[in-house]
Amino acid sequence: MKIFRHPRSLTSAVALVAALGAAPALASDITVAMQLEPPHLDPTSAAAGAIDSVLYSNVFEGLTRFMGDGSVVPGLAESWDISEDGTTYTFHLHDGVKFHDGTTMDAEDVKFSLDRARAEDSANAQKALFAGITEVEVIDPLTVKVTLDAPNGSFLFNMAWGDAVIVAPESIEGIKQHPVGTGAFEFKEWVQGDKIVLDKNPDYWGTPAKLDEVTFKFISDPTAAFAAVMAEDVDVFTAFPAPENLPMFEADPRFQVLVGSTEGETILSTNNKRAPFDNKLVREAMAHAIDRQALIDGAMFGYGTPIGTHFAPHNPAYVDLTAQSAYDPELSKKLLAEAGLPDGFETTLHLPPPSYARRGGEIIAAQLAAVGIKAQIINVEWAQWLETVFKGKDFGLTIVSHTEPMDIGIYARPDYYFQYDNPAFQELIKTLNVTSDPAERTAMLQQAQKIIADDYVNGYLFQLPALTVAKVGVQGLWANAPTQATDLTAVSWAD
Amino acid sequence: MKRNLILGGLLSSLVVLAALISFVWTPYDVAAMDIPAKLRPPSMTHWFGTDHFGRDMFSMIMVGARTSIAVALVAVGIGMALGIPLGLMAAARKDSWLDELIMRGNDLVFAFPSLVIAILITAILGPGAVNAIIAIGIFNIPVFARITRGAALSLWEREFIMAARVAGKSQARISFEHILPNVLNLLIVQGTIQFSLGILAEAGLSYVGLGAQPPVPSWGRMLADAQTMVSLAPHMALIPGLAIVLTVLGLNLLGDGLRDLLDPKLRVRRS
């Protein structure tokens, strides 16, 4: 591929050879398709995961970053020192890092980015990541000191999120339409409703990207997605929406199917403040009414791992609590009777568009009906779901996948849409946040998992799989999705 | 041409029969999921195979026929109940402001493609079978109003109506006692055609998720569910598709046959 950057004559010679059919076309670009198009292109001011799916690591980078296996490694900061008491982090930045508009990335930009994210009027969707920061100081252009109000064991993890990437004050104005970052790819164009094109950043500070051009295509319809892959209109489809079609791709020698894990705990979210769900017996009864394996087979065609609590099974701290809510409709009926509802009750089940929710919802409604709970299915679009369920909290049940990494902390927020309010749990999370000892953290995380499983806060269904279809020859893709990202910096075509 | 009538009647009554029987009997419980037995092709145990949840498709087609017929029937009923009086009124007061108002209102509704109106209405009122009925019903009104007015206008010129007018009957009484019985044939034929269009519209609305909501079976949604599974289990798309095609075909043939039977002018011409 290097040859393409050599003088023109050589390039055309190669092109000639390729045209004669003596060698296969040297592909240096790739088309990656996904379902959702980003609403805009600023990852630091929106909750939409689609933004990170396009830009994380490709265009924007943070002080630290996630790798495909979920580990956190240095990003723009090449190293850091942590004070004895764990409250100050001194980051040493890479030298010679430039934004795509040619300006230099230095400590001032880091200070700007962090101060902007944690400001009172910040539009950042994950302000909790920055909550403990009391001060960001520029020591010299390549050194920045961050002071926390208390030790925070997950601070470096927090800084790896897409919401914590480093942006520049010079380009912040137009970031929503024209993102300017430090990554291995730079933004080229966005044709709304169709595609986003990124070009290789020739001046990248780290290992340069192997591809020259990347096109992200947005195909929301599952049938169209299947057709696009089959017709080879796209090279890669991430988070493929129709799991029933994967066996066909697996059998086709043109394609490879990557089945990995995501951070998406798919749950039957329950409005804990609304009767009768405010009664733990009712929630427990529901948990026993659900047959997870039937759900995974029916809605996901077998792709997915059952979970018994709100935690990713691939995480070393995971405790398997599925037995606690094993499928047992008789027990479920008994519990309902004990709760004073021997004939069951009626409620609503809001279902957002993904097939895990729509199909899963039909199955769950049938399973709940078997014990006497009549859940009326209401199919909603995402905007309506956010409005009614997430913000309005006007729902009984809903199915959704929580794709943020390590998000068990949402159970410590009583105003979060499922409205679980347990002071003991909130205390535990508070202690966890200021603990840095790995063993102690693991113990606390396990305790947290057990508390929410014991309280049957929500119905815990399965871990959403990461399903990627790619042409044979595409290498370097992430199989797992430790965060919402399509990291193409190491992707290339096999010879 | 009795062949149309017989074939159409046969197909239509088959569907109606399936719908009626489904009230008392279906081979399987239509809501019962048997996920290990999903996507089975048609066989002796499941005549039409099973869907992606392992539900028996024969039972679903039977109950789905009920949904289709109920929605189309009530929708055509709305169209007739409102459209016919409007058409009679417009004809009775030909060229008056009332006639203008009714017919221009008609044009307004007509100007929009019917399915677009239906989508608009269900988008406002929310998805569901009842709202689908309202939506399909509304675009049936102008059809019946126009056809009633057209037929009634020519009748108003006839001698027997003149006689009724001379006898001092009011316009309303003439409309209902003399005009309506004479346009009824035409309306029955049109009703059959509208009924088949109603079934198509219901299937269309359900297909885009605006018709009957799960778990109520509906042919349109069965098609939508089959969309990503056509290559795995073609019967999932073929069977509801065929059910819709045959029903609509049957009703159209029936309408044609009825017209031949009921329209004396046509009968004379053809013989």
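Just so it is clear, the structure is predicted and the values come from calculations on it, not from any experiment.

Summing up its helical and strand segments, chain A has 13 helices and 19 strands in all. Its C-alpha atoms give chain A a radius of gyration of 24 Å, within 12% of the compact-globule value 23 Å for 495 residues. In terms of principal-axis extent, the alpha carbons of chain A reach across some 85 × 60 × 35 Å. Evaluated residue by residue, chain A yields a buried proportion of 54% over its 495 residues. Surface accessibility of chain A: about 20,100 Å² in total, with carbon and sulfur atoms responsible for 53%. Here chain A holds 34 positive side-chain charges and 66 negative ones, and the gap between their average locations is 2 Å.

Below, the discussion takes up the pattern of salt bridges. Charged atoms that come close allow side chains of opposite charge to pair. Tallying each qualifying case throughout the model produces 24 salt bridges over all chains. R274 of chain A serves as the salt-bridge partner of D394 of chain A, at 2.9 Å between the closest nitrogen and oxygen. Residue D394 of chain A is found in the loop between α11 (382–391) and β16 (397–402), and its partner R274 of chain A is found in the loop between β12 (255–270) and α7 (280–289); the two are separated by 120 residues along the sequence. A salt bridge links R146 of chain B to D107 of chain B, with the nearest nitrogen and oxygen atoms 2.4 Å apart. On the criterion of sequence distance, the pair formed by R146 of chain B in helix α5 (residues 129–156) and D107 of chain B in helix α3 (residues 97–111) is long-range, its members being 39 residues apart. On the basis of relative accessibility, which here comes to 34%, the residue R146 of chain B falls in the partly exposed class. Assessed through its relative accessible area of 30%, D107 of chain B is described here as partly exposed. Bridged by salt links that share partners, the residues E232, D235, D252, R254 and K471 of chain A form one connected network.

Residues and elements named next belong to chain B. If you check UniProt for "transmembrane region" (unreviewed entry), the listed places come out as residues 67–88, 108–126, 132–156, 183–212 and 232–255 in our numbering. Segment residues 108–126 splits into 84% helix and 0% strand. End C-alpha atoms: 23 Å apart. Secondary structure within residues 132–156 divides into 100% helix and 0% strand; the distance between the first and last C-alpha atoms comes to 36 Å.

Next up on the list: α3 of chain B. Residue and element names in this part refer to chain B. Its 15 residues give α3 an end-to-end C-alpha distance of 21 Å, which sits within 8% of 21 Å, the value for a rise of 1.5 Å per residue. Where α3 is concerned, the buried positions are L98, D99, I102, M103 and N106. The buried residues of α3 occupy an angular sector of 115 degrees when projected down its axis, which confines them to one face. Those residues of α3 that are exposed and aimed more than 90 degrees away from the buried face are W97, L101, L108 and A111. The distance from a side-chain oxygen at the start of α3 to the backbone nitrogen of L98 is 3.2 Å, and the residue carrying that oxygen is S96.

On to unusual backbone geometry, then. For the bond running from A275 of chain A to P276 of chain A, omega is 0 degrees, close enough to zero to count as cis. Position of P276 of chain A relative to the elements: it lies in the loop between β12 and α7. Omega for the peptide link from P214 of chain B to P215 of chain B comes to 5 degrees, which places this bond in the cis form. With respect to the secondary-structure elements, P215 of chain B resides in the loop between α7 (171–207) and α8 (219–226). The phi dihedral of F301 of chain A is positive, around 50 degrees, even though this residue is not glycine. Tracing the sequence through the fold places F301 of chain A in the loop between α8 (292–300) and β13 (305–306).

The next thing to look at is the side chain of T31 of chain A. All names here are of chain A. Tracing the backbone through its elements, the reader meets T31 in strand β1 (residues 29–34). Judged by its relative accessible area of 17%, T31 is buried. With residues up to four places along the chain from it excluded, the contact list for T31 reads T215, K217, D233, V234, D235 and V236.

UniProt annotation of "domain: Solute-binding protein family" (unreviewed entry) refers to residues 72–398 of chain A when read in the numbering used here. For residues 72–398 of chain A, helix accounts for 26% and strand for 25%, while the C-alpha atoms at its two ends are 32 Å apart.

On to the packing of α7 of chain B against helix α9 (residues 235–262) of chain B, then. All names here are of chain B. One can describe the packing of α7 onto α9 by two numbers: an axis separation of 8 Å at closest approach and a directional angle of 170 degrees. One way to sum up the angle between α7 and α9 is to call them roughly antiparallel. Side by side, α7 and α9 meet where N185, I188, V189, T192, I193, F195, S196, I199, L200 and A203 of the first sit next to I244, T247, V248, L251, N252, L254, G255, L258, R259 and L262 of the second. Classifying every residue of the contact of α7 with α9 by side-chain character gives 13 nonpolar, 6 polar and 1 charged.

Below, the discussion takes up the pairing of strand β7 (residues 143–148) of chain A. All names here are of chain A. Among the 6 residues in β7, 5 count as buried, and that is most of the element. Pairing between strand β5 (residues 88–93) and β7: 5 bridges, direction antiparallel. Along β7, the bridge assignment pairs T90 with K145. In terms of strand pairing, strand β6 (residues 133–140) meets β7 through 6 bridges, oriented antiparallel. When the bridges of β7 are listed, E137 appears paired with K145. The antiparallel hairpin formed by β6 and β7 contains 2 residues in its connecting segment.

With that out of the way, let us pick up the UniProt feature "domain: ABC transmembrane type-1" (unreviewed entry) in chain B. UniProt's entry tags residues 65–255 of chain B with the feature "domain: ABC transmembrane type-1" (unreviewed entry), counted in the numbering of this structure. In this annotation, residues 65–255 of chain B is assigned 82% helix and 0% strand; the end-to-end C-alpha distance for the span is 19 Å.

The next thing to look at is the interface of chain B and chain A. How large an interface is tends to be reported as the accessible area lost when its parts come together. Contact with chain B, which involves 16 residues of that partner, is made by 18 residues of chain A. Around 1,500 Å² of area is buried between chain B and chain A when both sides are counted, 62% of it from carbon and sulfur atoms. Taken together, the links from chain B to chain A amount to 1 salt bridge. The closest approach of N and O atoms between R55 of chain B and E362 of chain A, which form a salt bridge, is 3.5 Å. In this assembly, chain B and chain A are joined by 5 residue pairs in polar contact (both at pLDDT 80 or more). A breakdown of the residues in the side of chain B that touches chain A according to their chemical character gives 8 nonpolar, 5 polar and 3 charged.

Definitions and limits used
- Residues numbered from 1 in each chain as written.
- Chains lettered and ligands numbered in written order.
- Predicted model: local features only at pLDDT ≥ 70, side-chain atom pairs only at ≥ 80, totals over all residues.
- Heavy atoms only, no water.
- Helix = DSSP H or I, 4+ residues; strand = E, 2+ residues; numbered from the N terminus.
- Rg over C-alpha atoms; globule rule 2.2 N^0.38 Å.
- Buried < 20%, exposed > 50% of the residue type's maximum accessible area, 1.4 Å probe, protein only.
- Areas by Shrake-Rupley, 256 points an atom, 1.4 Å probe, with all protein chains shown as cover.
- Lys, Arg positive; Asp, Glu negative; His and termini not counted.
- Charge placed at Lys NZ, Arg CZ, Asp CG, Glu CD.
- Salt bridge = Lys/Arg side-chain N within 4 Å of Asp/Glu carboxyl O.
- UniProt positions renumbered as here; feature names shortened; annotations may be inferred.
- Expected span 1.5 Å × (residues − 1).
- Arc of directions from axis to C-beta.
- Polar contact = N/O pair within 3.5 Å; in protein donor to acceptor, adjacent residues only side chain to side chain.
- Contact = heavy atoms within 4.5 Å.
- Axes fitted to C-alpha atoms, helices over the stretch in contact; angles between N-to-C directions.
- Parallel < 35°, antiparallel > 145°, perpendicular 65-115°, else oblique.
- Nonpolar A, V, L, I, M, F, W, Y, C, P; charged D, E, K, R; others polar.
- Pairing = 2+ DSSP bridges.
- Buried area = accessible area lost by both parts, 1.4 Å probe.

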